[in-house]
Amino acid sequence: MALSTDLERTQVFQQDGFALTGELLSMAEVETYRNIYDRLLSGEIESGDKRSDLASHVPRREGVRENITQIMWPSALYAPLKDLPLHSRALTMARELIGDDAVLDFDMLIHKAPHTGVATPWHQDAAYWIDLPDTRAVSIWVALDDATVDNGCMWYIRGSHQKPIRPHRPTSDGRNIECDCSEDEPGATAVPLSLGEGVAHAGGTLHYSRGNISDRTRRAWILNYRPADMIRLEREQGMDHGLENNERMVRNADAADVVDGVDAVDSGD
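Residues numbered from 1 in each chain as written. Predicted model: local features only at pLDDT ≥ 70, side-chain atom pairs only at ≥ 80, totals over all residues. Heavy atoms only, no water.

**Digging into the sheet that holds strand E7 (residues 154-157)**
One open sheet accounts for four strands, arranged E5-E12-E7-E10; its pairing is antiparallel. Each edge of the open sheet carries a strand with a single partner, namely strand E5 (120-123) and strand E10 (188-191). Neighbour-to-neighbour, the strand axes of this sheet turn through a mean angle of 20°, independent of strand direction. Inspection of the sheet shows E7 paired to strand E12 (residues 207-209) by three bridges, in the antiparallel sense. (Pairing = 2+ DSSP bridges. Helix = DSSP H or I, 4+ residues; strand = E, 2+ residues; numbered from the N terminus. Axes fitted to C-alpha atoms, helices over the stretch in contact; angles between N-to-C directions.)

Take a look at the structure:
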């Protein structure tokens, strides 16, 4: 997936449903973001009901608060984030990939601690979202640690964004959703990243990540973008990805017949 020009990256994104962004943060900047991330994780910066477990359906080991920690809207919980470089750089990347009308829809943190070993179920982000007339969207997944197969780098199915959304069903506790897919499917691709690098994927791209079986933590920062007019329509219908209305419901019509009102969360990982 070596990329040399912006045109090639856009073509790869359109064809495969995901593309490398290259480095988005320097090592020094990564340290700044890690500090904020860890303060959110420890509770020094309070996250309230914006914090949840993306694998709450799997029994937790003793002393483990979450199998996979998700914190929605870190930029709302800690306002100085908006003036740091990642949001502006990710916005530039999003506009390159989906158009100049892209703006931030929401952001999140997803954390996999060492030896938690719990996979994020296969899913498509679009299965969590309401139907919109313009489905352009991009999630930019940024590694704050080296992301490897063993600690939970992203996996994608090439070209899956060009096909209909698959039927999704609730996980056993009804708090997340999943669909049938595996690493054995044609086009399944692991995307390891060095810290500070990112990968962008479309809303319809099938993805998951393995559990962290390594000795190292895996911290990820995810920023989601879509056209400003579509965000306005979302907000008018009460969809704010947990900013104020934290109803965690599946809303996409293509998934509704399967999950039919079962509680679920937004997921970027």
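**Observations regarding helix H2 (residues 27-42)**
Its 16 residues give H2 an end-to-end C-alpha distance of 22 Å, which sits within 8% of 22 Å, the value for a rise of 1.5 Å per residue. Residues of H2 that are buried include every one of Glu29, Val30, Tyr33, Arg34, Ile36, Tyr37 and Leu40, and no others. Considering only its buried residues, H2 is in contact with strand E2 (51-53), strand E3 (69-72), helix H3 (74-77), helix H4 (85-98), strand E4 (102-112) and strand E13 (218-227). Looking one or two places after H2, you find glycine 43, whose phi comes out positive at around 95°. (Expected span 1.5 Å × (residues − 1). Buried < 20%, exposed > 50% of the residue type's maximum accessible area, 1.4 Å probe, protein only. Contact = heavy atoms within 4.5 Å.)

**A few points about the packing of aromatic side chains**
Within this structure, the stated rule accounts for five aromatic pairs. Here the aromatic rings of tyrosine 33 and tryptophan 221 are separated by 5.2 Å at their centres, their planes lie at 90°, and the arrangement is edge-to-face. On the criterion of sequence distance, the pair formed by tyrosine 33 in helix H2 and tryptophan 221 in strand E13 is long-range, its members being 188 residues apart. Summarising the burial analysis for this pair, tyrosine 33 and tryptophan 221 share the class buried. Through successive ring pairs, a cluster of aromatic residues spans Tyr33, Tyr37 and Trp221. Against the face of tryptophan 129 rests arginine 226, its NZ or CZ located 4.3 Å from the ring centre. (Phe/Tyr/Trp six-rings, centres within 6.5 Å; stacked < 30°, edge-to-face > 60°. Lys NZ or Arg CZ within 6 Å of the ring centre and 35° of its normal.)

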